[in-house]
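# Coordinate inspection notes
Here's the letter readout for the chains.
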Amino acid sequence: MKYLKQFGVILFVSFLGEACRLVLPFSAPASIYGLILMLAALVTGVIPYETVKETGDFLVEIMPVMFIPAAVGILDSWADVEKIWLPVLAVIFLTTVLVMAVSGKITQFVIKRGRGHE
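Residues numbered from 1 in each chain as written. Predicted model: local features only at pLDDT ≥ 70, side-chain atom pairs only at ≥ 80, totals over all residues. Heavy atoms only, no water.

### Section: the side chain of Q6
Note the threshold: In this description a helix means any DSSP run of H or I spanning at least four residues, a strand means any run of E spanning at least two, and both kinds are numbered starting from the N terminus. Only protein chains enter the accessibility calculation, which uses a 1.4 Å probe; a residue is then buried when its area is under 20% of its type maximum, exposed when over 50%, and partly exposed in between. Residues adjacent in sequence count toward polar contacts only when both atoms are side-chain atoms; beyond that, a polar contact is any pair of N or O atoms within 3.5 Å, and within protein one must be able to donate a hydrogen and the other to accept it. Any two residues whose heavy atoms approach within 4.5 Å at even a single point are treated as in contact.
Along the chain, Q6 falls in helix α1 (residues 2-23). Owing to a relative accessible area of 3%, Q6 belongs among the buried residues under this scheme. Reaching out from Q6, the side chain makes a polar contact with the backbone nitrogen of T55 at a distance of 2.8 Å. Not counting the four nearest positions on each side in its chain, Q6 is found in contact with E50, T51, V52, K53, E54 and T55.

### Topic: the pattern of salt bridges
So the rule is basically this: Any carboxyl oxygen of Asp or Glu within 4 Å of a side-chain nitrogen of Lys or Arg constitutes a salt bridge here.
Applying the stated criterion across every chain, the model contains three salt bridges. For E54, the salt bridge goes to K2, with nearest N and O atoms at 3.8 Å. Here E54 is found in helix α3 (residues 53-61), whereas its partner K2 is found in helix α1, with 52 residues between them in sequence. Looking at K2, the relative accessible area reads 47%, which means it is partly exposed. Of the charged contacts in the structure, one is a salt bridge between K53 and D57, with a shortest N-O distance of 2.9 Å. You can see K53 and its partner D57 sitting in helix α3, four residues apart, about one turn around the helix. You can call D57 partly exposed: its relative accessible area is 32%.

### Describing the packing of α1 against helix α2 (residues 30-44)
To keep things clear, this is the line we draw: Lines fitted to the C-alpha atoms define the axes, with helices restricted to the stretch that makes contact. Angles between their N-to-C directions range from 0 to 180 degrees. When an angle is under 35 degrees it counts as roughly parallel; over 145 it counts as roughly antiparallel; between 65 and 115 it counts as roughly perpendicular; any other value is oblique. In a left-handed crossing the near helix is turned counterclockwise from the far helix by less than a right angle, and in a right-handed crossing that turn is clockwise.
Viewed as axis vectors pointing N to C, α1 and α2 meet at an angle of 125 degrees, and their least axial separation amounts to 7 Å. By the angle between their axes, α1 is oblique relative to α2. When you trace α1 past α2, the crossing you get is right-handed. Across from I10, V13, L16, G17, E18, C20 and R21 in α1, the residues of α2 making contact are A30, Y33, G34, L37 and M38.

### What about the environment of F7?
Relative to the helices and strands, F7 is located in helix α1. Residue classification places F7 among the partly exposed positions, given a relative accessible area of 35%. Between the C-alpha atoms of F7 and I74, which are 67 residues apart in sequence, the distance is 30 Å. If we ignore the near neighbours within four places in the chain, the residues touching F7 are T55 and L59.

### A few points about a nonpolar patch on the surface
Heads up, the rule is: Exposure above 30% relative accessible area and the absence of a salt bridge qualify a residue for a patch, where like charges join within 9 Å and nonpolar side chains (Val, Leu, Ile, Met, Phe, Trp, Tyr) within 5 Å. Areas reported here follow the Shrake-Rupley algorithm with a probe of radius 1.4 Å; residue values treat only the protein chains shown as occluding.
There is a patch of nonpolar side chains on the surface, built from I74, W78, W85, L86 and L89 and spanning about 530 Å² of accessible area. When residues in the nonpolar patch are grouped by element, the largest group, three residues, is from helix α6 (residues 85-117). For L86, the location among the structural elements is in helix α6.

Okay, structure coming up:
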């Protein structure tokens, strides 16, 4: 029952993200609004971390499984992708390296900032 409650909290925040997408004039996906709302709720303590910890950990663990439908979709439309596979591969590689570099720098900044507060 605990997991259903935690999943319900996550779904409710996702629903609020959908509502934000309908109300706000920005072209961001509802999932982004949901993530921002969840982050704000966790940071401010509106939703205690323990309220969603176990279900959140589970969802992160099964995340790779969620990419299977996308991969199947790419294979299904291979005739279209085949013509542009090299530029797509280059963009994937470059953006992966960029995300890794930016994530690493932000992590280093947060760790240094955290040590300064101790």
